[in-house]
Amino acid sequence: ISTWQNVHAQTINTPVGKLPHPAGPFVVGTKVFYMKDPKRTDTLQHSKWDVIVQAWYPCSARTKGIKMDYAPDKRLVDYFLKNHYYDIDSTILKSFYTLKTNSYKNAAILNQGKFPVLFFSPGFGTTRIFYTSICEALASNGIIVLEIDHLYEGATILPNGKAIDNSMYPDTTNASLSMQCVRDIQFVIDEVERPLSAIGKLFYKNADFNNIGASGHSYGGNLAIEMPIKDKRVKYSINLDGGDFSNIAGMKLTAPTLIVRERPNYTDDELRKKGRDPVKWKADSTKSLLVYFDALNTSEKTSYLVKVNQTGHFSFSDALYLMPSMLTHFLGTYLTPGRNLQLVSNLMLTFIQSATSKEKLNNFGHHFAQDKELTFYKVH
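Please read all numbers here as calculations on a predicted model, not as lab measurements. (Residues numbered from 1 in each chain as written. Predicted model: local features only at pLDDT ≥ 70, side-chain atom pairs only at ≥ 80, totals over all residues. Heavy atoms only, no water.)

Visitor: Can you lay out the side chain of S133 for me, pointing to particular residues and giving the numbers?
Guide: By secondary structure assignment, the location of S133 is in helix 3 (residues 132-139). Other than its neighbours up to four places away in sequence, S133 contacts L19, P20, S317, D318 and L341. (Helix = DSSP H or I, 4+ residues; strand = E, 2+ residues; numbered from the N terminus. Contact = heavy atoms within 4.5 Å.)

Take a look at the structure:
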């Protein structure tokens with residue numbers, strides 16, 4: 001549909017800063033829900049299973065109030081600093097104590113028709129707050145985004161103040177953890193479908209239950225493509241730079257799937273300085289790409305793989321604006337943060353708007369014919 005070409009890029013040098021203002025037509029609201037699944041028990045905490053959700057959604061242009069903190073629970077920042085999280089500079093981490101989002105805390109949803117519902121799962125070992133820029137961008141374009149801090153999949157703080165991370169999970173098998181994460185999403189769908197539940201009171205009236213999707217980054221992206229297989233209420237999935245798909249081994253994809261992949265830009269000399277053999281690295285990259293095609297070729301629906309030139313693994317997060325050290329260290333040049341976010345959020349938004357229509361899905365790639373940073377592969 002389109003082919004990759006070299007485009008202008010700049011070396012990234014992002015200081016401690018602010019999140020970008022979402023570009024969509026709607027003002028954004030956000031609310032954090034602390035829930036417990038009564039059907040599951042957390043044997044480590046000796047309590048029912050915690051499910052923590054941060055919702056992002058369109059609200060009225062007349063909305064007033066305070067903007068939500070980037071880290072709603074400051075004890076999460078304490079955890080980052082104590083654990084030298086991802087070796088991020090402490091000055092940047094400390095800025096999270098006071099950094100604000102662009103979204104209004106606990107605002108009422110815009111009562112103006114139905115909005116698609118998109119679940120978002122963070123990458124393994126990360127945390128939901130690191131995807132604020134993408135969630136705000138989507139919500140500002142009329143999407144209800146329900147972002148889950150899956151217990152033991154990443155880093156989160158329970159209401160009692162205890163820090164939970166991926167090193168604590170009692171069962172080390174990927175299948176067991178994946179099952180719990182899938183059940184998290186199913187539980188939240190159940191709760192949204194109950195008009196008198198805490199989250200249902202906010203979203204039941206305005207949620208489009210015929211347009212529910214799952215998305216995520218890295219491990220969270222793998223969870224996303226598993227969701228339509230496990231729950232028919234989920235109509236499509238979006239995988240941002242996910243892994244080897246071992247969680248769906250032997251399964252067939254049953255819904256339209258969008259896989260968005262990094263495409264690093266570096267020289268052979270840069271690879272050698274990092275102790276990598278350029279020939280082997282390129283061969284491994286090709287082998288990795290085949291894994292994605294093997295997964296997509298099982299799909300019963302039209303699906304896509306899109307590569308975004310001059311991106312790394314954490315180019316699908318707030319690292320673009322706040323944490324440049326988290327970006328892939330092989331890269332010498334990057335897309336500008338604004339262009340990167342624009343491309344990724346537009347890919348997600350257009351897929352959400354297309355996935356439930358066969359005609360729109362077939363024409364999905366044509367929306368991006370002028371975006372030379374993208375390489376499209378369409379799989380039937």
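Visitor: How would you summarise the pattern of salt bridges if you had to cite specific residues and measurements?
Guide: One pass over the full model with this rule turns up 17 salt bridges. Ionic pairing is found between R75 and D73, a salt bridge with its closest N-O pair at 2.8 Å. The exposure class of D73 is buried, given its relative accessible area of 15%. E191 serves as the salt-bridge partner of R194, at 3.0 Å between the closest nitrogen and oxygen. For E191, a relative accessible area of 13% gives the class buried. Connected via shared salt-bridge partners are D190, E193, D231 and R233. (Salt bridge = Lys/Arg side-chain N within 4 Å of Asp/Glu carboxyl O. Buried < 20%, exposed > 50% of the residue type's maximum accessible area, 1.4 Å probe, protein only.)

Visitor: Any chance you could break down the sheet that holds strand 1 (residues 27-42) for me, citing the residues and the numbers?
Guide: Strands sit in the order 3-4-1-2-6-5-9-10-11-12-13 across an open sheet of 11 strands; the sheet is mixed. The open sheet is flanked by strand 3 (67-69) and strand 13 (374-379), the only strands paired with a single partner. When the angles between neighbouring strand axes are averaged without regard to direction, this sheet yields 30°. Looking at chain direction, strand 1 and strand 4 (residues 100-105) are connected through 2 bridges and run parallel. Its bridge partner lying in strand 4, G29 is registered against Y104. Sheet contacts for helix 9 (residues 337-354): strand 5 (115-121), strand 9 (207-217), strand 10 (236-240), strand 11 (257-263), strand 12 (303-309) and strand 13; angle to strand 10, the most-contacted strand, approximately 165°. (Pairing = 2+ DSSP bridges. Axes fitted to C-alpha atoms, helices over the stretch in contact; angles between N-to-C directions.)

Visitor: Please set out helix 3 residue by residue, giving values where relevant.
Guide: With 8 of its 8 residues buried, helix 3 lies for the most part within the structure. What helix 3 keeps buried is the set T132, S133, I134, C135, E136, A137, L138 and A139.

Visitor: Account for the layout of surface pockets, with residues named and values stated.
Guide: Taken as a whole, the second largest pocket encloses approximately 230 Å³ of empty space. The wall of the second largest pocket is formed by 17 residues, among which A23, A137, L341, Q342 and S345 lie closest to the centre. Mapped onto the lining of the second largest pocket, the elements with two or more residues apiece are helix 3 and helix 9. Considering every element that reaches the lining of the second largest pocket, the biggest residue donor is helix 9, with 6 residues. (1 Å grid on protein atoms, 1.4 Å probe; cavity = no way out; pocket = protein on both sides within 12 Å on 5 of 7 lines; lining within 4 Å. Points joined across faces, edges and corners; volume = space filled by probe spheres on them.)

Visitor: Please give an account of empty space enclosed by the protein that cites residues and values.
Guide: This model, assessed by the stated rule, comprises 1 cavity of 30 Å³ or more. Each pocket or cavity is described by its volume, and for the largest cavity that value is around 90 Å³. Lining the largest cavity we find Y34, I52, A71, P72, D73, L76, R128, I129, D149, T156 and I157. When its residues are assigned to classes, the lining of the largest cavity shows 7 nonpolar, 1 polar and 3 charged. (Nonpolar A, V, L, I, M, F, W, Y, C, P; charged D, E, K, R; others polar.)

Visitor: Can you break down the environment of W56 residue by residue, with the values?
Guide: Here W56 shows up in strand 2 (residues 47-59). Classification of W56 by relative accessible area gives buried; the value is 1%. Placed 79 residues apart in sequence, W56 and C135 show a C-alpha to C-alpha distance of 6.4 Å. Side chain to side chain, W56 and E147 meet in a polar contact 3.2 Å long. (Polar contact = N/O pair within 3.5 Å; in protein donor to acceptor, adjacent residues only side chain to side chain.)

Visitor: Tell me about the nonpolar core, and please be specific about residues and values.
Guide: F96, F130 and M323 are the most contacted members of the largest nonpolar core, which totals 61 residues. Among the elements that make up this core, the one with the highest residue count is helix 9 (8 residues). Ranked by size, the runner-up nonpolar core spans 45 residues in total, among them V32, Y104, F187 and F203. (Core = buried A, V, L, I, M, F, W, Y, C linked by side-chain atoms within 4.5 Å.)

Visitor: So, the packing of aromatic side chains: which residues are in play, and what are the values?
Guide: According to the stated counting rule, one finds 25 aromatic pairs in the structure shown. Sitting over the ring of Y104, K67 keeps its end group 5.0 Å from the ring centre. (Phe/Tyr/Trp six-rings, centres within 6.5 Å; stacked < 30°, edge-to-face > 60°. Lys NZ or Arg CZ within 6 Å of the ring centre and 35° of its normal.)

Remember, this is a structural readout, not a statement about activity or role.
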